[in-house]
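Here is what each chain is made of, one letter per residue.
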Amino acid sequence: MWDLRLPAGLFFTGLGIILCAYGLLFPGVRAQMAADINVNLYSGISMGVFGIVLLLLAWRKRA
Amino acid sequence: MTLATVDYLVLALYFAFVLGIGWLLKKKVTTSSDFLTSGRSLPVWITSLAFIATNLGAQEVIGMCGSGAKYGVMQAHFYWLGAIPAMLFVGLFMMPFYYGSRARSVPEYLKLRFDEKTRTFNAVSFAVMTIFSSGVSMYVLGKLFQMVLGWNFLASVLLAAAIVLIYTSLGGLTSAIYNEVLQFFLIVLGFSPLAILAVMKAGGWSGIQQTLAPKWTHAWQYMGNAADNPMGSDMFSVVVGLGFVLSFGYWCTNFLVVQRAMAADSMSSARRTPIIAAFPKIFMPLIVILPGIAALALAKMGSGYSLPMLDGKLDADMVMITLMGKFYPAGLLGVGITALMASFMSGMAGNVTAFNTVWTYDIYQGHIRKGAPDSHYLMVGRISTLVGTLLSVAAAYVAQFYKNIMDLLQLVFGVVNAPLFATFLLGMFWMRATGLGAFSGLVSGTAAGLLTLALTVAENKGGWLGNLHTFRSTMAQNFWIAIVSFGICFVVTVLLSVLGKPKPAAELKGLVWGATDMPKTGEEPWHKRPVPLALVAAAICIAINIWLW
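Within each chain, residues carry numbers counting from 1 in the order of the written sequence. All chains are assigned letters beginning at A, and all ligands numbers beginning at 1, according to the order in which they are written. Side-chain atom pairs in this predicted model are given and counted only at pLDDT of 80 or more, local residue features only at pLDDT of at least 70, and totals for whole chains, interfaces and linings cover all residues.

What about the overall build of chain B?
Consideration 1: Strands here are runs of E lasting at least two residues and helices are runs of H or I lasting at least four, both read from the DSSP assignment and numbered beginning at the N terminus. When helices and strands are tallied, chain B shows 22 helices and five strands.
Consideration 2: Computation of the radius of gyration draws on C-alpha atoms, with the globule rule given as 2.2 Å multiplied by the number of residues to the power 0.38. Scaling as 2.2 N^0.38, a compact globule of 549 residues should have a C-alpha radius of gyration of about 24 Å, and chain B matches this with 22 Å.
Consideration 3: The dimensions of chain B, computed from C-alpha atoms along their principal axes, are 70 × 55 × 55 Å.
Consideration 4: Buried means a residue has 20 or more other C-beta atoms within 10 Å of its own C-beta, exposed means 12 or fewer, and partly exposed covers the counts in between; C-beta atoms are placed from the backbone. When the 549 residues of chain B are sorted by exposure, 61% land in the buried category.
Consideration 5: Contacts here follow a simple rule: the backbone-placed C-beta atoms of the two residues must lie within 7 Å. Here the contacts in chain B between residues at least 6 apart in sequence split such that 83% fall between residues at least 24 apart.

Structure follows, in structure tokens:
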């Protein structure tokens, strides 16, 4: 059976890239009550890191 | 609230992945056992995350957040008191019988232990309940998207249902479970920014404690008297009704969750599934209940957020989405909406995959057509997946007539699940319990539950046959219904079993405590053994409760 961490890792890496890119390209897009934080960028980074960790775990097992 | 292009991009990415996972698993399915029970082949980290994800449906997530704003920290008892002890118990003491008996479903265990009629009663009531809860979940989601995003109710419900149908039909239970793990990660990552941002805005936990009256931020202190706490329930009904009867009835006998553990690759994995799941479960209130409590504080401190109201009362189901609207910018909002969609799908897929197994093995193979070739049951499994989905859509319409979803679910569990735990407790741990006793106990326990509902009133609900007692809240009413139906089931089962003739011990091997060799776990390291793991989980849970006393 293939490793679930592979597609899950790809998904969250992709999600992280989308959010980071959006947060960097449109830093002015802010929510009403979180106007002082670039929420997209920070959540994008955390999701991307999670995705990469899953990919590393999957890759380590295969190697 | 409107979604931007980036939000739809996130949603599309998610849909592509869940369908892709189903597609990749398609060729793994060649027998009915692959399709309906995953061929008992999944690793423990996957089954344990699926174990909590399948319970984390949309009505759970949305309802818990709303209830956080309604009942405060006490709502977390649905996790710490109402889930953790039962999850540890099922892993330690019941899984050896479920997994060891090689039953393919919970009702099938009842057939092996007792008889056909007990199994059929359980299978039918379970099948009805899964369809019903799946429909409720679907209704909540469709209504929410309609009100907030302006999506068409029917269109969004059908789209979500169609996607679940496709991936569960392709890869069966394995596909449902794999997707549940992905959905679990997405729910956690998609909702935790909301908890973090809302709590930060409210001045941290200390800010919330300063703003709200102490009864909202303590779990136990105000439970002595039902009039003192937001839940309107006294300690006895919470501890016994929720913590014992409802909780054990759900986590220990509901095939929806037990099925995940039964799909594990070994006895040790099956036992550890609910125990490992207990660790993230302890911390789920941080993500689903805490934002609701923060919302209440934010509304009190005049921060620019006000609680959603409907007819002068809190519109609990709207709390989470209105918070998201205030704290999530385009982009993360798409992730939040997708996480809601994911929670809906994990709940629905759980219901559908449990329904098709019970229907195929316990009802169809048990009564309609015995002894057909396996390919026939595989086909029946696939068809019942479709039928189950269609029935859920129909149930979504029935759900429109009820308001508070959590209360409604508790009500259904109270009548269906509560007596069941008495049956399993006696069945697994008392060799004398007989089929006739179990069946009569179940029927009379369920009837007693319904009768209690019909004779008591809470928040203008129930009392169709008269009013003997008025409860402070529907929640308190549900706790008492559960206690009554459990008690009646227990007493009737014991009485009739004592009068009847028990099965010989040889027939009970692998099914009952005392007639079964319990699995040995001595040589493995502590983190691979159920008992030490369970003790650690219990210690963490107790520590949190003392901290929030």
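The discussion continues.
Comments concerning the overall build of chain A
Consideration 1: Counting secondary structure elements, chain A contains two helices and zero strands.
Consideration 2: Overall, the C-alpha framework of chain A stretches about 45 × 15 × 15 Å when taken along its three principal axes.
Consideration 3: Within chain A, the proportion of its 63 residues that are buried is 37%.
Consideration 4: Considering only contacts in chain A between residues 6 or more positions apart, those separated by 24 or more positions represent 75%.

Brief notes about the nonpolar core
Residue and element names in this part refer to chain B.
Consideration 1: Buried Ala, Val, Leu, Ile, Met, Phe, Trp, Tyr and Cys residues whose C-beta atoms connect them within 7 Å together make up a nonpolar core. One finds Val-181 and Ala-198 to be the most contacted residues of the largest nonpolar core, which totals 216 residues.
Consideration 2: With 27 residues, helix H9 (residues 153-201) is the single largest residue contributor to this core.
Consideration 3: When sequence neighbours within four positions are dropped, the list of residues in contact with Ala-198 reads Pro-291, Ala-294, Ala-295, Leu-298, Leu-323 and Phe-327.

A word on unusual backbone geometry
Residues and elements named next belong to chain B.
Consideration 1: Its identity is not glycine, yet Arg-40 carries a phi of approximately 45°, on the positive side.
Consideration 2: Note on Arg-40: 16 C-beta atoms within 10 Å, which makes it partly exposed.
Consideration 3: Phi at Arg-102 is positive, roughly 60°, even though this residue is not glycine.
Consideration 4: One can find Arg-102 in the loop between helix H6 (84-100) and helix H7 (106-113).

Things to note about the confidence of the model for chain B
Caution is warranted with low-pLDDT regions, since their predicted coordinates should not be read in detail.
Consideration 1: Per-residue confidence for chain B gives a mean pLDDT of 88; residues scoring 70 or more make up 97%.
Consideration 2: Reported confidences for the modelled complex are a pTM of 0.92 and an ipTM of 0.96. Each residue gets a pLDDT score, which is the predictor's confidence in that residue and runs from 0 to 100.

As for the interface of chain B and chain A
Consideration 1: Residue-level contacts link 28 residues of chain B with 24 residues of chain A.
Consideration 2: Those elements that place two or more of their residues in the side of chain B that touches chain A are helix H1 (5-25), H9, helix H15 (319-327) and helix H16 (332-368) of chain B.
Consideration 3: Basically, the charged four are Asp, Glu, Lys and Arg, the nonpolar ten are Ala, Val, Leu, Ile, Met, Phe, Trp, Tyr, Cys and Pro, and anything else, Gly included, counts as polar. For the side of chain B that touches chain A, a count of residues per class yields 22 nonpolar, four polar and two charged.

A look at the environment of Thr-389 of chain B
All names here are of chain B.
Consideration 1: Along the chain, Thr-389 falls in helix H17 (residues 374-398).
Consideration 2: Linking Thr-389 and Val-188, residues 201 residues apart in sequence, is a C-alpha distance of 26 Å.
Consideration 3: Ignoring any residue separated from it by four or fewer positions in sequence, one finds Thr-389 in contact with Ala-161, Val-164, Leu-165 and Val-352.

Some details on the environment of Ala-396 of chain B
Residue and element names in this part refer to chain B.
Consideration 1: With respect to the secondary-structure elements, Ala-396 resides in helix H17.
Consideration 2: Ala-396 gets classed as buried once you count the C-beta atoms within 10 Å, which come to 25.
Consideration 3: Residues Ala-396 and Met-138, spaced 258 residues apart in sequence, show a C-alpha to C-alpha distance of 5.8 Å.

As for the environment of Tyr-167 of chain B
All names here are of chain B.
Consideration 1: Take Tyr-167: it is sitting in helix H9.
Consideration 2: C-alpha of Tyr-167 to C-alpha of Ala-349: the two residues are 182 residues apart in sequence and 9.0 Å apart in space.
Consideration 3: Dropping the residues within four chain positions of it, Tyr-167 is found in contact with Val-18, Leu-19, Ile-21, Gly-22, Ser-175 and Asn-179.

Brief notes about the sheet that holds strand S3 (residues 456-458) of chain B
Residue and element names in this part refer to chain B.
Consideration 1: Between any two strands, pairing holds if DSSP finds at least two bridges. Here three strands make up an open sheet; going across it, the order is S4-S3-S5 and the pairing mixed. The strands lining the two open edges of the sheet, one partner per strand, are strand S4 (461-462) and strand S5 (469-471).
Consideration 2: When S3 meets S4, the two strands line up antiparallel, connected through two bridges. For Ala-458, the partnering residue across the bridge sits in S4 and is Lys-461.
Consideration 3: Fitted lines through C-alpha atoms serve as axes, helices being fitted only where they are in contact, and the angles separating the N-to-C directions of these axes extend from 0 to 180 degrees. Sheet strands in contact with helix H21 (residues 474-499) are S3, S4 and S5, and its direction is about 145° off that of S3.

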